[in-house]
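# Structural description and commentary
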Amino acid sequence: MKNTVLNNMPRARLLAIAAAAAAISACGGGGGGGGGGFPILPIAPAPAPAPPSEPAADNSAPCFNEADFREGTSVEFEAAKVGADAAAEPFHRKSVTEKREAFAGANPISANVESSTVRIMRALQSTVKKEYKDLVGGNILLYGKSTTYTQTIDPDFAATLPPGFPTDKLIFVSQAYEPPFTFPVDMKPGQVASQKSTVTKTKVVDGRSDPATSFAATGELTYVGREKLTTALGTFDTCKLSLKITVGASVISTDATREFWLAAEGPYQGQLLKGGDTKSSWLVTKMTYAPK
């Protein structure tokens, strides 16, 4: 059962992309905005016509949404693998922004990205996966992620066990970035933001902590630029970004690069519409976005 709990689930690649894209969500339009009144000023003579302004730069700011950091915002989508059979099972993900929560010595915003309950043998196992992020001074901070497993044995079966036999089990697994990966929201095409950090993995079983393991890590976010993208949801102007995470040092290091396209406009502004790596890509086919 331990292997069942801890093994990677199918389509984990897109989950990592979606996890990265959701954790990198930040300010930009969409999701409602503040208004605020303006003072009434005296009417003044019309100024001379201003010279034509240069087109606005295709920066990345419009592709991030401040609403994703508000408690209660939710996004749910399905995605299909590009080139796969139409009957293939789609990937599904739902994320709900929750309250701030203590994690890795900080108090970041938490996002519930998976909650499920399944039966394993004669027990029920509940799983809650969370990601931790923040938006500070025009930068997105990625703190890490956690998974909590709660296992409860059926009462009828528990009655047949010896006295004192544990009927409940609580496992907490976390992966924290110290310091958190920090990337600017507003980037120009071709701009690269890089930062060094340490990835620390911990596991706590029924209050007992296993020894933590730590590895050096580097995060490199590249803003490729704007691209038009046609999906089942429509055609959108998007920001294409590439995120490379390298863990370890020297010859034992491993790295993974993910590409993702975020909507720069429309009702899904700031949300992931496409994601992939060097081997495959996924395209969103359905989405329900409810910003607060």
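Presented here is an overview of the structure given in this document. (Residues numbered from 1 in each chain as written. Predicted model: local features only at pLDDT ≥ 70, side-chain atom pairs only at ≥ 80, totals over all residues. Heavy atoms only, no water.)

## Some words on the pattern of salt bridges
Between side chains of opposite charge, a pair can form as their charged atoms come close. This structure, assessed with the given rule, holds 13 salt bridges. The closest approach of N and O atoms between R70 and E66, which form a salt bridge, is 2.4 Å. The partly exposed category is assigned to R70, whose relative accessible area is 23%. On the basis of relative accessible area, E66 is assigned to the partly exposed category, the value being 30%. R100 serves as the salt-bridge partner of D134, at 2.8 Å between the closest nitrogen and oxygen. Of this pair, D134 sits in strand β4 (residues 123–136) while R100 sits in strand β2 (residues 91–100), placing them 34 residues apart in sequence. The class of D134 is buried, set by a relative accessible area of 8%. Taken together, the shared-partner salt bridges connect E98, E101 and K130 into one network. (Salt bridge = Lys/Arg side-chain N within 4 Å of Asp/Glu carboxyl O. Buried < 20%, exposed > 50% of the residue type's maximum accessible area, 1.4 Å probe, protein only. Helix = DSSP H or I, 4+ residues; strand = E, 2+ residues; numbered from the N terminus.)

## Examining the side chain of N112
For N112, the position within the fold is in strand β3 (residues 109–120). Polar side-chain contacts of N112 include one of 3.4 Å to the side chain of E98. At 2.9 Å, the side chain of N112 forms a polar contact with the side chain of S115. The contact partners of N112, leaving out residues within four places of it in the chain, are K94, S95, V96, E98, V128, K129 and K130. (Polar contact = N/O pair within 3.5 Å; in protein donor to acceptor, adjacent residues only side chain to side chain. Contact = heavy atoms within 4.5 Å.)

## Examining the packing of aromatic side chains
The relative placement of two aromatic rings is captured by the distance of their centres and the angle of their planes. Using the criterion set out here, one finds 6 aromatic pairs in the structure. An angle of 10 degrees between the planes, with centres 4.0 Å apart, marks the rings of F103 and Y132 as stacked. Placement of the pair is F103 in the loop between β2 and β3 and Y132 in strand β4, with a sequence separation of 29 residues. Classification of F103 by relative accessible area gives buried; the value is 6%. For Y132, a relative accessible area of 1% corresponds to the buried category. Taken together, a centroid distance of 6.1 Å and an interplanar angle of 75 degrees make the contact between F236 and Y268 edge-to-face. Here the residue F236 occupies a position in strand β10 (residues 234–247), and Y268 occupies one in the loop between β11 (254–263) and β12 (272–276), the gap between them amounting to 32 residues. Of the two residues, F236 and Y268, both sit in the buried class. Counting every residue linked through ring pairs, the aromatic cluster contains F77, F91 and W282. Stacked on the ring of F69, the Lys or Arg K133 has its end atom at 4.9 Å from the ring centre. (Phe/Tyr/Trp six-rings, centres within 6.5 Å; stacked < 30°, edge-to-face > 60°. Lys NZ or Arg CZ within 6 Å of the ring centre and 35° of its normal.)

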